[in-house]
Amino acid sequence: MVFRGTITDASNCNPGADAEALYNAMKGMGSDKEAILDLITSRSNAQRQEIIAAYKCNFGKDLIENLKYELTGKFERLIVSLMRTPPYHDAKEIKDALKGAGTNERSLIEILASRNNKQIHDMVEAYKDAYGRNMEEDVIGDTSGHFKKMLVVLLQGTRDESGVVNADLVEQDAQDLYAAGEQQWGTDEAKFIMILGNRSVTHLRMVFDAYEKIAEKSIEQSIKSELSGDFERLMLAVVQCIRSVPMFFAKRLYKSMKGLGTDDNTLIRIMICRAEIDMLDIRECFRLGYEKSLYNMIKDDTSGDYKRTLLNLCGGDDDLAGEFFPEAAQIAYKMWEISSMTKVKLRPTVVPSTNFDPAADAQALRKAMKGFGTDEDAIIDIIAHRSNSQRQEIRQTFKSLLGRDLMKDLKSELSKNLERLIIGLMLTPTEFDAKMMRKAIEGAGTDEHALIEILVTRSNEEIQAMNAAYQEAYKQSLEAAIQSDTSGHFCRILVSLVQGAREDGPADFERANTDAQELADACNADSDDRVMKFMSILCNRSFAHLRKVFQEFVRFSNKDIEQIIKKEMSGDVKNAFYAIVRSVKNQPSYFADRLYKAMKGLGTDDRALIRIMVSRSEIDLFNIRKEFKETQDTSLHEFIKVETMIGDTSGDYRKTLLVLCGGED
């Protein structure tokens, strides 16, 4: 195993001198925390054990006890944890996850899914030595069901590590997994446990590739649809670790720091346990997956001596880095390969209502709005539970039966965000898109993010229909409106997209190689030429073709297209190209990210929230929900419930959004 850690053996290490330096840093009034953290983070774990022994020999004291006495809070936890050997540190983390009223299932999952056989055996022995208990018995006593069974399998530390692959068994395992889940009603969890818990890493990677060809979806997607709860999370973690342990930890680190509050226990555990193994690869995977380096995220999310210690373990800032390390390049290439192979079944959250009666709905809506006061609940219950085509029938029937304009009545009876949301639902998708483009353009400021989102994610047919609707509603072409409100390369990108002329069809492999090479060459061109070349390919090729282009781009340049865009482009041009790449890779994930950004922090971007919830509810909002839960560790339903509370005194706006969301995950 090649270790790519940030902490290595210090040359000319003198345990006695180091012990004396630590003693001096802690004697007298106060302690020299800087000296302590600099010394401890510049020594390997093996060297720290020698320092502990020298400290006791020289001063007759326990170094760890002295550190606990002198330091406090998160900084103390971090330093003291660095002084334990890896097996004893893992053993303590398992003990902490099991003790008390509730079990920390995520810690159990992280540790047991990511350790190799030797690490698991050493941890089990350390647990027995430290606590006089059997780890397996404690895990069994604190967990249940299939989750417990898989944990017990992993605790045996018997995964095949021979590296030998039997091609026939690969195909058989792939077929067995398909038969155990997607091919039947219900799931044979035992088959998943047996194969994922015992086969070698190399073997399983080949199984996952074979599975995608059979199922036309990734193994991760099948696990999400077939399993649930802690068992689902554990199996996903196992799959992620099979694919790439560094990427698994990069995701865990990101989730530990994003949003309000930091999960310091997870942050400390990962930074310590990976510092001497693969922190360099984790840093690269972090840079690949997120918008900033691990170093800068730690820097922004922590403070004081705690922050300095973590940054020493991190070892450097990758935001200015250029090419991939081998591990990250392979991951980037594989990610695009998976994206190109996987066929995602799009699932809505709003479907046509059974036993639909437009006349009864029209009468009920009129009743809800006439007289003193408005019955918002009745309006929401009808409109949010009907498909758009059914709503158009209601509009027509309302006028035929009652001689009234339903849209005008709704506007007069409702207000603020609830009115905007309900009216948005009553418009046809084409009318709604045209209106959203108008709102993004009109007034003092342009909403560039809305323009990008709509034009990047709509099909040629949807864009052409939107153009016609815009012309009819506002007596001006949408292209002319864009040209009058934007400028430069950004304007040219939008004009290219608004033609609705993107190529259709599968990838052309030979042409994809040419396109990838041209994009790689453009990275070395001047700014204008680079943008024009990117525009000619990203704005015109089919999404299926672009997936192959972006995959081959990694091979030609040893860089990821997303990182190049972030590094070499700026402003709205960067945002437009980045949105295209994200949509090509995984459009539901792109929308999940847009929803998160619309609601996070102080104040909600209600226009963006309404636009996405309305436009995607009959297309792929269920998929977006799943991606939201995967990336944010909270459900979209819960996030909407919490984030829209402020300013929505009646709760009707929030209630409508939750109906569109379609349920809790």
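Residues numbered from 1 in each chain as written. Predicted model: local features only at pLDDT ≥ 70, side-chain atom pairs only at ≥ 80, totals over all residues. Heavy atoms only, no water.

**Here we look at the overall build of the protein chain**
The cut-off we apply is this: Numbering of helices and strands runs from the N terminus, with a helix taken as a DSSP run of H or I at least four residues long and a strand as a DSSP run of E at least two residues long. Atoms considered for the radius of gyration are the C-alpha atoms alone. The globule rule reads 2.2 Å times the number of residues to the power 0.38. Each residue is assigned to one of three classes by its accessible area relative to the maximum for its type, calculated with a 1.4 Å probe on protein chains only: buried under 20%, partly exposed between the two thresholds, exposed over 50%. Residue contacts are defined here by distance: any two heavy atoms, one from each residue, within 4.5 Å place the two residues in contact. Accessible surface is estimated by sampling points in the Shrake-Rupley manner with a 1.4 Å probe; for residues, cover comes only from the protein chains shown. Charge counting treats Lys and Arg as positive and Asp and Glu as negative, with His and both chain ends excluded. Throughout, a charge is located at the NZ atom of Lys, the CZ atom of Arg, the CG atom of Asp or the CD atom of Glu.
Scanning the protein chain for helices and strands turns up 40 helices and zero strands. For 665 residues, the compact-globule estimate of 2.2 N^0.38 gives 26 Å, and the protein chain sits close to it at 28 Å. When its C-alpha atoms are laid out on the principal axes, the protein chain stretches across 95 × 65 × 60 Å. Among the 665 residues that make up the protein chain, the fraction classed as buried is 51%. Look at the contacts in the protein chain between residues 6 or more apart in sequence, and 73% of them connect residues 24 or more apart. For the protein chain, the exposed area adds up to about 29100 Å²; of that, 48% sits on carbon and sulfur atoms. If you average the places of the 90 positive and of the 106 negative side-chain charges in the protein chain, the two averages end up 3 Å apart.

**Some thoughts on the domain arrangement of the protein chain**
Rules: The source of the domain bounds is an automatic or database domain assignment.
Segmenting the protein chain into domains produces domain 1 (86–156), domain 2 (167–243), domain 3 (358–426), domain 4 (429–499) and domain 5 (587–661). Relative placement of domain 2 and domain 4: their C-alpha centres are 43 Å apart.

**Focus on unusual backbone geometry**
For Asn-12, which is not glycine, the phi torsion reads 55° and is therefore positive. Within the fold, Asn-12 resides in the segment before helix H1 (15–26). Phi at Glu-216 is positive, roughly 60°, even though this residue is not glycine. Turning to its location among the elements, Glu-216 is positioned in the loop between helix H13 (201–215) and helix H14 (219–226).

**Let's talk about the packing of helix H10 (residues 145–155) against helix H15 (residues 229–243)**
Note the threshold: Structural elements are reduced to axes, namely lines fitted to C-alpha atoms, with helices fitted over the stretch in contact, and the angle between N-to-C directions of any two is expressed from 0 to 180 degrees. Two helices that cross are described as forming a left-handed crossing if the nearer one is turned anticlockwise from the farther one by less than a right angle, and a right-handed crossing if clockwise. When residue character is reported, Ala, Val, Leu, Ile, Met, Phe, Trp, Tyr, Cys and Pro are called nonpolar, Asp, Glu, Lys and Arg charged, and the others, Gly included, polar.
One can describe the packing of H10 onto H15 by two numbers: an axis separation of 8 Å at closest approach and a directional angle of 30°. Crossing angle aside, the handedness with which H10 passes H15 is left-handed. Note on element contacts: H15 touches H10 through Asp-230, Phe-231, Leu-234, Met-235 and Val-238, opposite His-146, Phe-147, Met-150, Leu-151 and Leu-154. Here the contact of H10 with H15 is built from residues that sort into eight nonpolar, one polar and one charged.

**Digging into the packing of aromatic side chains**
Operational definition: Aromatic rings from Phe, Tyr and Trp, taking only the six-membered ring of Trp, are treated as a pair when their centres fall within 6.5 Å; an angle between ring planes under 30 degrees marks them as stacked, one over 60 as edge-to-face, and anything in between as tilted. The rule is short: NZ of Lys or CZ of Arg within 6 Å of the ring centre and within 35 degrees of the ring normal puts a charge over the ring.
Taken as a whole and assessed by the stated rule, the structure comprises 13 aromatic pairs. Their ring planes at 55° and their centres at 4.9 Å tell us that Tyr-470 and Tyr-474 sit as a pair that is tilted. Of the two residues, Tyr-470 and Tyr-474 both sit in helix H29 (residues 460–474), four residues apart, roughly one turn of that helix. On the accessibility criterion, Tyr-474 (28% relative accessible area) is partly exposed. An aromatic cluster is defined as three or more aromatic residues linked by ring pairs; in this entry it consists of Tyr-23, Tyr-55 and Phe-59. Of note, Arg-347 hangs over the ring of Phe-622, and the distance from its end group to the ring centre comes to 3.8 Å. The positively charged end of Arg-555 is found above the aromatic ring belonging to Phe-556, 4.9 Å away from the centroid.

**What about the pattern of salt bridges?**
Quick note on the threshold: In the sections that follow, a salt bridge refers to a side-chain nitrogen of Lys or Arg positioned within 4 Å of a carboxyl oxygen of Asp or Glu.
For the coordinates displayed, the defined rule picks out 44 salt bridges. The partner of Glu-453 in a salt bridge is Arg-611, and the shortest N-O contact between them spans 2.9 Å. Here Glu-453, found in helix H28 (residues 448–457), pairs with Arg-611, found in helix H37 (residues 606–616); they are 158 residues apart in sequence, far enough to count as distant. Measuring nitrogen to oxygen at the nearest pair gives 4.0 Å for the salt bridge that ties Arg-530 to Glu-568. Of the two residues, Arg-530 sits in helix H33 (residues 527–538) while Glu-568 sits in helix H35 (residues 561–568), which places them 38 residues apart along the sequence. Note on Arg-530: relative accessible area 9%, which makes it buried. The exposure class assigned to Glu-568 is partly exposed, which follows from its relative accessible area of 30%. Because the salt bridges share partners, they merge into one network encompassing Glu-93, Glu-110, Arg-252 and Arg-269.

**A short note on the packing of helix H19 (residues 294–301) against helix H20 (residues 304–314)**
The criterion, for reference: Any angle that is under 35 degrees is reported as roughly parallel, and any over 145 degrees as roughly antiparallel; angles of 65 to 115 degrees are reported as roughly perpendicular and all others as oblique.
Two elements in contact, H19 and H20, have axes separated by 10 Å at closest approach and are oriented at 175°. In terms of orientation, H19 lies roughly antiparallel with respect to H20. Here Leu-294, Tyr-295, Ile-298 and Lys-299 of H19 come into contact with H20, specifically with Lys-307, Leu-310, Leu-311 and Cys-314. When grouped by side-chain class, the residues that make up the contact of H19 with H20 number six nonpolar, no polar and two charged.

**Quick notes on helix H6 (residues 86–98)**
Where we set the bar: Take the number of residues in a helix, subtract one, and multiply by 1.5 Å to get its expected span.
Helix length check: H6 (13 residues) gives 19 Å between terminal C-alpha atoms against 18 Å at 1.5 Å per residue, within 8%. Where H6 is concerned, the buried positions are His-89, Asp-90, Ala-91, Glu-93, Ile-94, Ala-97 and Leu-98. Buried residues along H6 sit against helix H5 (73–83), helix H7 (105–114), helix H8 (117–131), helix H9 (135–142) and helix H17 (264–274). In the segment just after H6, Gly-100 is the residue with positive phi, at about 85°.

**A look at helix H34 (residues 543–557)**
Along an α-helix, residues three or four positions apart point the same way, because every turn accommodates 3.6 residues. Taking 1.5 Å of rise per residue, 15 residues should cover 21 Å, and H34 covers 21 Å from first to last C-alpha, within 8% of that figure. Among the 15 residues that make up H34, 11 are buried, leaving the element largely enclosed by the rest of the structure. Where H34 terminates, the next one or two residues include Asn-558, which has phi positive at roughly 60°.

**Examining the side chain of Arg-283**
Topologically, Arg-283 is positioned in helix H18 (residues 279–289). If near-sequence neighbours (up to four positions away) are discounted, Arg-283 is found in contact with Thr-6, Leu-294, Cys-314, Gly-315, Gly-316 and Asp-318.

**Let's talk about the state of the cysteines**
To keep things clear, this is the line we draw: Throughout, disulfides are identified as pairs of cysteine sulfur atoms within 2.5 Å of each other.
Tallied over the entire structure, the rule returns zero disulfides. Cys-241 carries a free sulfur, and the closest cysteine sulfur to it, the one in Cys-273, is 11 Å from it.

**Section: the nonpolar core**
This is how the line gets drawn: Buried Ala, Val, Leu, Ile, Met, Phe, Trp, Tyr and Cys residues form a nonpolar core when they are joined through side-chain atoms within 4.5 Å.
If you look at the biggest cluster of nonpolar residues, it comprises 200 residues, and the most contacted ones within it are Phe-534 and Phe-577. Residue contacts for Phe-577: discarding those within four places in its chain leaves Ile-493, Val-531, Phe-534, Met-535, Leu-538, Ile-565 and Met-569.

**Description of the environment of Cys-491**
By secondary structure assignment, the location of Cys-491 is in helix H31 (residues 488–498). Residue class for Cys-491 comes out buried when judged on its relative accessible area of 10%. Sequence spacing of Cys-491 and Glu-479 is 12 residues, and the spatial spacing of their C-alpha atoms is 9.6 Å. Dropping the residues within four chain positions of it, Cys-491 is found in contact with Ile-482, Gln-483 and Thr-486.

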